[in-house]
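Examining the three-dimensional arrangement
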Amino acid sequence: MTHPWPIAITGLGCICAAGTNLDDCMETLYSGRRAPAAPTRFTSSHPTRYPVFEVSGFNEPPELLRTSALGLHAVRDALADAGLDLETLRGLRVGVCVGTTVGSAMNNEQFCRDYRAGLDPDLEPIERIMRSNPAAVIAREFGLTGPCQTVVNACASGTDAVGLAASWIRGGVCDVAIAGGADELGRITYNGFISLMITDDSPCKPFDRNRKGLNLGEGAAMLVLESEETRTKRRSRARSYLLGYGSACDAHHLTAPKPDGEGLRYAIAEAFSCCGISAEAVSFVNAHGTGTPDNDRVESLVLADLLPGVPFLSTKGYTGHTLGAAGAIEAVFTIACLERGMIPGSAGFSTPDPDLGGTPVEGSTKVEGMVALSESLAFGGNNSVILLGTRGAA
Amino acid sequence: MMRIAVKGIGVTGGFGCGVADLAAALKGGISRVSEITVPSAQGPLQMPAFRAETERLDEFVPKRALRRIDHYSKMGLLGAYLALADGGMLGSDLSRLGVVVASGYGATATTFAFLDSIIGDGDICASPTHFANSVHNSAAANISIMLGAKGPSLTVSQFDMSVPSALVSASQWLAEGRVDAVLFGAIDEVSDLIGYLQHRQRGPQRACPISPLSTGEESSIIGEGAAFLLLTRKDDSLAYCTIETVDTGSLYQEELSFPDDALLLLGADGRRELGARYRATVPGHSRVACYTSIYGSMPAAAAFDLAAAALILQNGRVYPIPGAAGCDMDGIPVPLETTRICALKLAGINEYAAVTLSRLQLP
């Protein structure tokens, strides 16, 4: 059994440096505000204080990783938006598919420090990791009975989680799927990305001639996907539709995109093929747009070839690169922009780069149409694309 | 669910390397347990572990190409190449191949090495090579790069439930027609961290065989390895078996039901608390088998279970069950024949997965 595309999206939730709920995030984006700053939640001995985008005013409970707590926050908003309470959820087979990069990694620094120092460290940090697998935490918190999957496709994880959850709905694996991504800031990713020399020591500038790299961020976003049968039974409204999903691997390099963007091209083509939608229907693209020289070059080249003249932007100038959460946060932003008929300016961009295939929008820009594309490129050569549409696009 | 054919198997683990070594170990009921030394506050700890070798990777990849690839990815690469070779797809057009990798803990040795670079030398000396290779999808990426596989790629990390969870998505890819084949595998490795945690959480380790069906005692031994299956949509060509259903989720008040005619292949691995869950879950009249004492305790063991099930179904006869003498479950071990197997995996307090596989109906 494989149900046809599209798949209804009935609820959205989001938390990131731009705001602790979706409305606040959108207000921040349209106002053009951003406030990257040196990390406050951890220290570093780097002589340069690389800016990050922290979620301020959010405290995780001691028993959970911050990643999972951020994820739960976004799920609660998404379920409320979908009108799904605990009693309704218990009558349904609900799956959970969540992307992350650090949420399932066995890498507690203090534990390792103590172990290397010849101590017998407290096991609590490891036990916290073991009970904090992001998808499992959500299933446990809401008593969900369906399949549970934590996707670790690096920076494409959030986009893949949404696409895979749609696949579960299409296959009748579950009635409802909670899908998205979550990731927290920490010293390990901070030092790791700096070591790769792809981190900007000033606020990031996606697609700008003077871009120097990314700023890390943290956050989570979740989407509620529903089968048509379930939606009909509970008379829920579709806020948006997932019209297609595509993914492909560059098979080129562990940390660099293929210069010709081959994998991204395949992924875009597959996403279009799901609903038979053509490039002309796309009103804007929410690009991966990390601000690294390689990513933005490849992405702009592919967009210029496949979607010439279509406005594009990167929202990472407002959120930082939230890694496994990025694709989900950007999917939620994309839907909110479609609903409002307006995209924010691509924060950090001011100087066109003649080597790129195009330039992003500079200020808030009206868009017409019912379809938009959100894409993610990741370590490992993963490229993932989702097509999102308003109710009229389905 | 659409039926899926298991066309190839590629394995490396404590029992050896390749499907013939796995079959021999299952038939003989024995595997090679190594001894590892793990640093601890009390001094070096000796403990048993099932270690996997990757020398046979030389048959497929020039040594030079492996210089920057860690042991974790090498195990995955070897499993992937062996599965493709076993399924007759090595050298074929792989443009419609998907790659799915499940891992409970990822590349823990490399993750630890990255932390070491910071702890030992300061933040400014963080190792970019270790960082890049510690990312969870590094093995899937290395497999795709080496094979030139440009289809979709997925890595899942769901601790003990990683394998069945990933299999749900792999099955959907085939059902949707996104790909014509999936290279589906699982990898986990033994490292200082994993060894130390085993010692702290499970107490002193002894080199006695795992007694997975003896639910009252702790007998787990950590293992490492890679188990890959080449999956396609069912057709008329030769295959080991078919996968009929993949059911996974969490149980609250519900009880699991199993096909009456199926042998239950249990994922019990000597961990006492999980043994108790298996004992409570498996119906008394069931026929049961368990082979984790061949490959050890690790999240990836669930993929070895699928490989063992495929071999049993191909042959039609069940291998002897190591440690059956100590069985204190209600189920009946030592069945002789079967045409259907339900691989049962339990984890945590309520997570479950049941993968049903069946023998091919020959024309």
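Residues numbered from 1 in each chain as written. Chains lettered and ligands numbered in written order. Predicted model: local features only at pLDDT ≥ 70, side-chain atom pairs only at ≥ 80, totals over all residues.

Description of the overall build of chain A
Filter applied, for reference: Every helix listed is a DSSP run of H or I at least four residues long, and every strand listed is a run of E at least two residues long, numbered separately from the N terminus. Restricting the calculation to C-alpha atoms gives the radius of gyration, and the globule rule supplies 2.2 Å times the number of residues raised to the power 0.38. Counting other C-beta atoms within 10 Å of a residue's C-beta gives its exposure: the residue is buried at 20 or more, exposed at 12 or fewer, and partly exposed in between, where C-beta atoms are placed from the backbone.
Of regular secondary structure, chain A possesses 13 helices and 14 strands. The C-alpha atoms of chain A give a radius of gyration of 20 Å, which matches the 21 Å a tight globule of 394 residues would have. Seen through its principal axes, chain A has C-alpha atoms that stretch 60 × 55 × 40 Å. Burial status across chain A gives 63% buried among its 394 residues.

Notes on helix α10 (residues 301–315) of chain B
Quick reminder of the rule: In this scheme, a helix's expected span is set at 1.5 Å multiplied by one less than its residue total.
For α10 of chain B, which comprises 15 residues, the first-to-last C-alpha distance of 21 Å matches the rise-based estimate of 21 Å (1.5 Å per residue) to within 8%. At the exit of α10 of chain B stands G316 of chain B, carrying a positive phi of roughly 80°.

What about the packing of helix α10 (residues 262–275) of chain A against helix α11 (residues 293–306) of chain A?
Residues and elements named next belong to chain A. Put simply, the test is: Between N-to-C directions, angles span 0 to 180 degrees; the directions come from axes that are lines fitted to C-alpha atoms, helices contributing only their stretch in contact. To sort the angles, those under 35 degrees are grouped as roughly parallel, those over 145 as roughly antiparallel, those from 65 to 115 as roughly perpendicular, and the leftovers as oblique. Crossings are sorted by hand: turned counterclockwise from the far helix by less than a right angle, the near helix makes the crossing left-handed, and turned clockwise it makes it right-handed. Here, residues touch in the contact sense if the C-beta positions derived from the backbone fall within 7 Å of one another.
Viewed as axis vectors pointing N to C, α10 and α11 meet at an angle of 45°, and their least axial separation amounts to 10 Å. Accordingly, the angle class assigned to the pair α10 and α11 is oblique. The two elements α10 and α11 cross, and the hand of that crossing is right-handed. In this structure, α10 contributes L264, R265 and I268 to the contact, and α11 contributes V298, E299, V302 and L306.

Details of the nonpolar core
This is how it is decided: Nonpolar cores are built from buried Ala, Val, Leu, Ile, Met, Phe, Trp, Tyr and Cys residues. These are joined into a set through C-beta atoms within 7 Å.
Core analysis: the largest hydrophobic core is formed by 263 residues, its most contacted members being L223, L225 and V332 of chain A together with L265 and A307 of chain B. The biggest single contributor to this core is α10 of chain B, with 12 residues. Excluding anything up to four places from it in sequence, L225 of chain A contacts I7, A8, I9, A165, A166, I169, V176, A177, A179 and L242 of chain A.

Considering the interface of chain A and chain B
This is how it is decided: When residues are sorted by character, Ala, Val, Leu, Ile, Met, Phe, Trp, Tyr, Cys and Pro go into the nonpolar class, Asp, Glu, Lys and Arg into the charged class, and all the rest, Gly among them, into the polar class.
Taken together, the contacts link 60 residues of chain A with 54 residues of chain B. Among the secondary structure elements, those contributing two or more residues to the side of chain A that touches chain B are α4 (109–116), α5 (124–130), α6 (134–142), β4 (148–151), α7 (157–170), α8 (187–195), β8 (240–249) and α10 of chain A. For the side of chain A that touches chain B, the class distribution of residues is 28 nonpolar, 26 polar and six charged.

What about helix α7 (residues 192–202) of chain B?
What α7 of chain B keeps buried is the set D192, L193, I194, G195, Y196, L197 and Q198 of chain B. The elements touched by buried residues of α7 of chain B are α4 and α5 of chain A together with β3 (34–38), β4 (45–50), α3 (108–121) and β8 (222–223) of chain B. In the stretch just after α7 of chain B, G203 of chain B is the one whose phi turns positive, near 85°.

Observations concerning the pairing of β4 of chain A
Residues and elements named next belong to chain A. Inclusion rule: We treat two strands as partners when DSSP finds at least two bridges between them.
Burial along β4 is two-sided: the residues C148 and T150 and Q149 and V151 are all buried. With four bridges joining them, strand β3 (residues 94–99) and β4 adopt parallel strand pairing. Bridge pairing in β4 links C97 to Q149.

Here's the deal with unusual backbone geometry
Residue and element names in this part refer to chain A. Cis peptide bonds are those with omega within 30 degrees of zero, and the linkage from W5 to P6 qualifies with 0°. Residue placement: P6 occurs in the segment before β1 (7–16). Unlike most non-glycine residues, F207 shows phi in positive territory, near 65°. With respect to the element layout, F207 can be found in the loop between α8 and β6 (216–217). Residue F207 is classed as buried on the basis of its C-beta count, with 29 C-beta atoms lying within 10 Å. Not every positive phi belongs to a glycine, and R235 is a case in point at roughly 50°. Here R235 is to be found in the loop between α9 (228–234) and β8.

Brief notes about the sheet that holds β4 of chain B
The strand order across the open sheet formed by three strands is β3-β4-β8 (chain B), and the pairing between neighbours is mixed. The open sheet is flanked by β3 and β8 of chain B, the only strands paired with a single partner.

Focus: the packing of helix α2 (residues 71–86) of chain B against helix α5 (residues 138–147) of chain B
Residues and elements named next belong to chain B. Relative to each other, α2 and α5 sit at 50°, their axes nearing to 9 Å. Taken together, the axes of α2 and α5 lie oblique to each other. Between α2 and α5 lies a crossing whose hand is right-handed. Contact with α2, carried on its side by Y72, S73, G76, L77 and A80, involves S138, A139, N142, I143, M146 and L147 of α5 and no other residues of that element. Its residues assigned to classes, the contact of α2 with α5 comprises seven nonpolar, four polar and no charged.

Purely geometric numbers; function is a separate question.
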